[in-house]
Amino acid sequence: MDTTQELAAFLRTRRERLDPQDFGLPSRPRSRRTPGLRREEVAELAGVSIDYIVRLEQARGLRPSGDVVEALARALRLTPDERAYLFDLTRRRRPGAAAVTSTAAPQLARLVADLSPLPAMLMNHRYDILAWNGAMARLLLDFDTLPPARRNAMWLCLLHPRISAFYVDRDRVVREGVAHLRSAWAAHPEDAALTELVAGFITHDEEFARLWAEGDVKVNGRGHKVMRHPDAGEIALHFEVLMPLQDTDQRLMICRAADDASQSALDRLR
């Protein structure tokens, strides 16, 4: 869990994923022994020295300036989420990060309740579940039956005996969750509880460890999930995640049925 080592690995994997042909460069095996772009090609694209790229990829303690980070992001053609992750790793993210929270803001907890019959819950950046309404409890499970340390969406998806088999497309759901958690980890290096959570998953869950090693980064603000509910059958949902301006470490997830059959299933649960 060393950000210098992670920066080195992240830069290497992004360089190796690039297709030289997209840059008008030869890609024949005779001329290239490794996948992706060469270090000297990235250095030229970013306007830095080859030695600088080598030292970054060898985790030799460099801290790039904001301008260099931006140049690397352009050279490596990073996605917006990957760019934000790179800025977080190098501690060049804009100031004013949200304070870490572990309890629901009272106004938001009331809003979650008022959103019924739509399933809704409130989480922090760790995926800790801070508040939920009855519709969400009927859809997933009664979170009151869990100890507070287990009220974590990532833990439930990975390790809870019922929820781990709940999603039709579980591989995608877990992969996106790991990518989101990686973004949160880079944005909150001071959060020892988050670091401990990730380290525990890496140590005790082979699937999480494999996906974490792949280095994917994604902030999942909306999407689609299909669930196999033991009482209501298959339910397809659209979800939206909103971030309040007043409490920016908290995330409000709201779900709604994706089709008429799924709405009927939610109505039966209610």
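Right above here is the structure, for reference.
Since this is a predicted model, take the numbers as computed values, not measurements. (Residues numbered from 1 in each chain as written. Predicted model: local features only at pLDDT ≥ 70, side-chain atom pairs only at ≥ 80, totals over all residues. Heavy atoms only, no water.)

Peer 1: So what about the packing of helix H2 (residues 39–46) against helix H3 (residues 50–57)? Which residues, and what values?
Peer 2: Interhelical geometry of H2 versus H3 gives an angle of 115° and a closest axis separation of 8 Å. As far as their axial angle goes, H3 and H2 are roughly perpendicular. Here the hand of the crossing between H2 and H3 comes out right-handed. Only Ile 50, Ile 53, Val 54 and Glu 57 of H3 make contact with H2, whose side of the interface consists of Arg 39, Glu 40, Val 42 and Ala 43. For the contact of H2 with H3, the class distribution of residues is five nonpolar, no polar and three charged. (Axes fitted to C-alpha atoms, helices over the stretch in contact; angles between N-to-C directions. Helix = DSSP H or I, 4+ residues; strand = E, 2+ residues; numbered from the N terminus. Parallel < 35°, antiparallel > 145°, perpendicular 65-115°, else oblique. Left-handed = near helix turned anticlockwise from the far one by under 90°. Contact = heavy atoms within 4.5 Å. Nonpolar A, V, L, I, M, F, W, Y, C, P; charged D, E, K, R; others polar.)

Peer 1: For the sheet that holds strand E1 (residues 120–124), give the residues involved together with the corresponding values.
Peer 2: Taken together, the five strands give an open sheet; going across it, the order is E2-E1-E5-E4-E3, and neighbouring strands pair in antiparallel fashion. Two strands close off the open sheet at either side, each with one partner strand: strand E2 (129–132) and strand E3 (222–229). Pairwise comparison of adjacent strand axes, ignoring direction, gives a mean angle of 30° for this sheet. Across the sheet, helix H6 (residues 106–114) is in contact with E1, E2 and strand E5 (250–257); its angle to E1 comes to roughly 150°. Helix-sheet contacts for helix H12 (residues 260–269) involve E3, strand E4 (233–242) and E5, and the interaxial angle to E4 is about 90°. (Pairing = 2+ DSSP bridges.)

Peer 1: Outline the state of the cysteines, listing residues and values.
Peer 2: Enumeration according to the criterion identifies zero disulfides in this entry. The thiol of Cys 157 is unpaired, and the distance to the nearest cysteine sulfur, on Cys 255, comes to 13 Å. (Disulfide = S-S within 2.5 Å.)

Peer 1: Please set out unusual backbone geometry residue by residue, giving values where relevant.
Peer 2: A cis amide bond links Ser 116 with the next residue in sequence, Pro 117, at an omega value of 15°. Along the polypeptide, Pro 117 turns up in the loop between H6 and E1.

Peer 1: Mind laying out the nonpolar core, listing which residues take part and the relevant values?
Peer 2: Core analysis: the biggest nonpolar cluster contains 67 residues, and Leu 86, Leu 139, Leu 140, Phe 143, Met 154 and Phe 208 have the highest contact counts within it. For this core, the element with the highest residue contribution is helix H9 (residues 170–187), accounting for seven residues. Filtering out sequence-adjacent residues up to four positions away, Phe 143 remains in contact with Met 121, Ile 129, Trp 132, Met 136, Arg 151 and Leu 156. (Core = buried A, V, L, I, M, F, W, Y, C linked by side-chain atoms within 4.5 Å. Buried < 20%, exposed > 50% of the residue type's maximum accessible area, 1.4 Å probe, protein only.)

Peer 1: Describe in detail the pattern of salt bridges, supporting the description with residues and values.
Peer 2: Scanning the model with the defined rule gives 19 salt bridges in all. Lys 218 is the salt-bridge partner of Glu 176, the closest N and O atoms lying 3.5 Å from each other. Of this pair, Glu 176 sits in helix H9 while Lys 218 is found in the loop between helix H11 (206–214) and E3, placing the two residues 42 residues apart along the sequence. The exposure class assigned to Glu 176 is buried, which follows from its relative accessible area of 14%. Looking at Lys 218, the relative accessible area reads 34%, which means it is partly exposed. Salt bridges sharing common partners tie together Arg 17, Arg 175, Arg 210, Glu 214 and Asp 216. (Salt bridge = Lys/Arg side-chain N within 4 Å of Asp/Glu carboxyl O.)

Peer 1: Outline the packing of helix H4 (residues 66–75) against helix H5 (residues 80–89), supporting the account with residue identities and numerical values.
Peer 2: For any two helices packed against each other, one specifies the inter-axial angle together with the distance between the axes. The geometry of H4 relative to H5 is characterised by a closest axis approach of 10 Å and an angle of 150° between their N-to-C directions. When the axes of H4 and H5 are compared, the pair comes out roughly antiparallel. Along this stretch, H4 crosses H5, giving a crossing that reads as right-handed. Of H5, the residues touching H4 (which contributes Gly 66, Val 69, Glu 70, Leu 72 and Ala 73) are Arg 83, Leu 86 and Phe 87. For the contact of H4 with H5, the class distribution of residues is five nonpolar, one polar and two charged.

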